[in-house]
Amino acid sequence: MSNNNSTAGQPTGMEKVVSLCKRRGFIFQSSEIYGGLASAWDYGPFGAELKRNLKNAWWRSVVHERDDMVGLDAAILMHPDTWKASGHAENFIDILVDCKKCKKRFRKDHLKGKCPECGANDFTEGRAFNLMMKTSLGAVEDQGSVTYMRPETAQGIFVNFSNILDTTHRKLPFGVAQIGKAFRNEITPGNYTFRTREFEQMEIEYFTKPDDADKCHEDWVQKRFQWYLDLGIKKENLRLRPHGKDELAHYAKACTDIEYNFPFGWSELEGIANRTDFDLKQHAQFSGKDLQYHDKVTNEKFFPFIIEPSGGVDRAALAFLADAYHEEKVEGSAKEDASRVVLRLSKALAPTKVAVLPLLKNRPEIVALAKKIKQELQKEFVAVYDDSAAIGKLYRRQDEVGTFYCVTVDVQSLEDKQVTVRDRDTMKQERVPVDNIRKYLTEKFSVNL
Ligand code: GAP
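Residues numbered from 1 in each chain as written. Predicted model: local features only at pLDDT ≥ 70, side-chain atom pairs only at ≥ 80, totals over all residues. Heavy atoms only, no water.

### Let's talk about the site of the ligand
As a matter of local geometry, the ligand sits amid 20 residues, with Glu152, Arg184, Thr196, Glu203 and Glu268 nearest to it. Within the side chain of Glu152, one N or O atom sits 2.5 Å away from a nitrogen atom of the ligand. A distance of 3.3 Å separates a nitrogen atom of the ligand from a polar atom in the backbone of Phe194. Look at the ligand: alone it shows 550 Å² of surface, and the protein chains cover 91% of it. (Near = heavy atom within 4 Å. Polar contact = N/O pair within 3.5 Å; in protein donor to acceptor, adjacent residues only side chain to side chain. Areas by Shrake-Rupley, 256 points an atom, 1.4 Å probe, with all protein chains shown as cover.)

### With respect to the packing of aromatic side chains
If you walk through the whole model with that rule in mind, you get 19 aromatic pairs. An angle of 50 degrees between the planes, with centres 6.3 Å apart, marks the rings of Trp58 and Trp59 as tilted. According to the relative accessible area criterion, Trp58 is buried, its value standing at 1%. Residue classification places Trp59 among the partly exposed residues on the basis of a relative accessible area of 22%. (Phe/Tyr/Trp six-rings, centres within 6.5 Å; stacked < 30°, edge-to-face > 60°. Buried < 20%, exposed > 50% of the residue type's maximum accessible area, 1.4 Å probe, protein only.)

### Some remarks on the packing of helix 2 (residues 45–64) against helix 7 (residues 213–230)
Orientation of helix 2 relative to helix 7, taken along the N-to-C sense of each, is 145 degrees, at an axis distance of 12 Å. The hand of the helix 2/helix 7 crossing is right-handed. Contacts between helix 2 and helix 7 pair Leu54, Ala57, Trp58, Ser61 and Val62 from the former with Trp220, Arg224 and Trp227 from the latter. Along the lines of polarity and charge, the residues of the contact of helix 2 with helix 7 split into six nonpolar, one polar and one charged. (Axes fitted to C-alpha atoms, helices over the stretch in contact; angles between N-to-C directions. Helix = DSSP H or I, 4+ residues; strand = E, 2+ residues; numbered from the N terminus. Left-handed = near helix turned anticlockwise from the far one by under 90°. Contact = heavy atoms within 4.5 Å. Nonpolar A, V, L, I, M, F, W, Y, C, P; charged D, E, K, R; others polar.)

### Considering the sheet that holds strand 12 (residues 254–262)
If you trace the seven strands from one edge of the open sheet to the other, you get 3-9-10-16-13-12-11, paired in mixed fashion. Edge positions in the sheet fall to strand 3 (69–72) and strand 11 (238–242), since each has one partner strand and no second. Strand-to-strand twist of the sheet, defined as the mean angle between neighbouring strand axes without regard to direction, takes the value 25 degrees. Along the sheet, helix 2 contacts strand 3, strand 9 (174–183) and strand 10 (198–208); its crossing angle with strand 9, the most-contacted strand, is approximately 160 degrees. (Pairing = 2+ DSSP bridges.)

### A short note on unusual backbone geometry
Cis geometry marks the peptide bond from Leu172 to Pro173, where omega comes out at -5 degrees. By secondary structure assignment, the location of Pro173 is in the loop between helix 6 (161–168) and strand 9. Within the chain, Lys103 stands out as a residue other than glycine whose phi angle is a positive 70 degrees. Residue position: Lys103 is located in the loop between strand 4 (93–98) and strand 5 (105–107). Even without being a glycine, Met427 presents a positive backbone phi close to 60 degrees. Locating Met427 in the fold gives a position in the loop between strand 22 (418–423) and strand 23 (429–433).

### Quick look at the domain arrangement of the chain
Accessible area lost during the coming together of the parts is what is often quoted as the interface size. Partitioning the chain into structural domains gives domain 1 (13–82 + 151–321) and domain 2 (352–445). Counting residues at the interface gives seven residues for domain 1 and six residues for domain 2. Between domain 1 and domain 2, roughly 550 Å² of surface is buried when both sides are summed, and carbon and sulfur atoms account for 49% of that area. When the area that domain 1 buries against domain 2 is broken down by residue, the three leading residues are Arg24, Phe46 and Glu49, summing to 60%. Between domain 1 and domain 2 we count two salt bridges in total. Among the salt bridges present, the one from Glu400 reaches Arg23, with a minimum N-O distance of 2.5 Å. Here domain 1 is connected to domain 2 by three residue pairs in polar contact (both at pLDDT 80 or more). Mapped by element, the contributors of at least two residues to the side of domain 1 that touches domain 2 are helix 1 (13–23) and helix 2. Here the side of domain 1 that touches domain 2 takes three residues from helix 2, the largest share from any one element. (Domains from an automatic or database assignment. Buried area = accessible area lost by both parts, 1.4 Å probe. Salt bridge = Lys/Arg side-chain N within 4 Å of Asp/Glu carboxyl O.)

Right under this line is the structure:
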């Protein structure tokens, strides 16, 4: 789904995804019973599974399947000097303007001429606004207790550079991966989970010799682009966009964004930056610690360059959801206009892999067999059991949340000891012996789950 055009009264592409996410428990508004908190979202049962699958797929791809990467899980709260050294205290700012007519506030770089709210063209002078979220540690709220919720996970990696080197004895090039929450006081959050004030990042800091940095940057751009394709994003909905010099962050020499064609337009999923030796040099200077790399072969000491692929978990989840959303006619259905919503998430990402459905819930033997099959399958996959509606409805429900296979137990199953396996995408059905069902599905899921 990439089209957001609305035709008279019909929901737009984005509205359909948002509606599905709420209806089926992927994403809820934060603190909804109190009227909600703007730009904060909670992931419901299916959303939580999707996010876990996404993060696991990323971790597997960038840590476990490589020889040159390790992981880290650093604290959200850091020493306040971190943010002086990183440049965030001074440079992590947006320029704000207010519309003098409707009083709405905007990021100056997001405005294209007139006020998007009221159409006026009369704004206040721009004012700098730091995006870091302030907090205070301990019982006394004074200047000394102020620190910040990290605006990027990256700094936790930089300040641990020596710890990681000393404990893992890595040689260049090597990288550190981390997944975790980040916070920014965004002035104009919006587009659902796309821009929020609390979000999750998946970041890699890859340390390399300065001379190898450009090539390394290009390699990571290609690798990260391919990752989205491998997990099922349609190629036509993904593109690369190198940054112009005027839009580079204060620490970056170059950056290429991976953009997705969201229903609201092409927007950034992930940025892959060449941060040079900026961060290690800054932290060395502010902490007084030697953060240089010692090449024992050449006996040189130098600050490595850093290549940083930095993606958002929430943005990736939204892109995968939008890309997987399909509405289609059901061929050969009894009803002429029968249609279904199907979430064509890849096998690795689908929140539920298998649903076991009894055809008749008032037959205890059928229910018992279905529950027994579910218990056997859950040793291998995320499996669910559902008997709360008629079979047609149960199939539609599973299609909507992307469940890959439905296993149906019917009267005949009691006699021939076989069950029906239905494929989400083709809707083809096959009879499979109960004794063989776990093996049969394991072979179908030829990916690491
Ligand atoms: N360490 C580099 C860094 O933080 P960034 O481009 O500011 O770079 C990296 O952020 C990624 O984090 C973005 O590509 C996006 O996926 C995600 N991200 C950034 N701000 C976000 C926000 N307000 N809401 C959701 N995701 C966000």
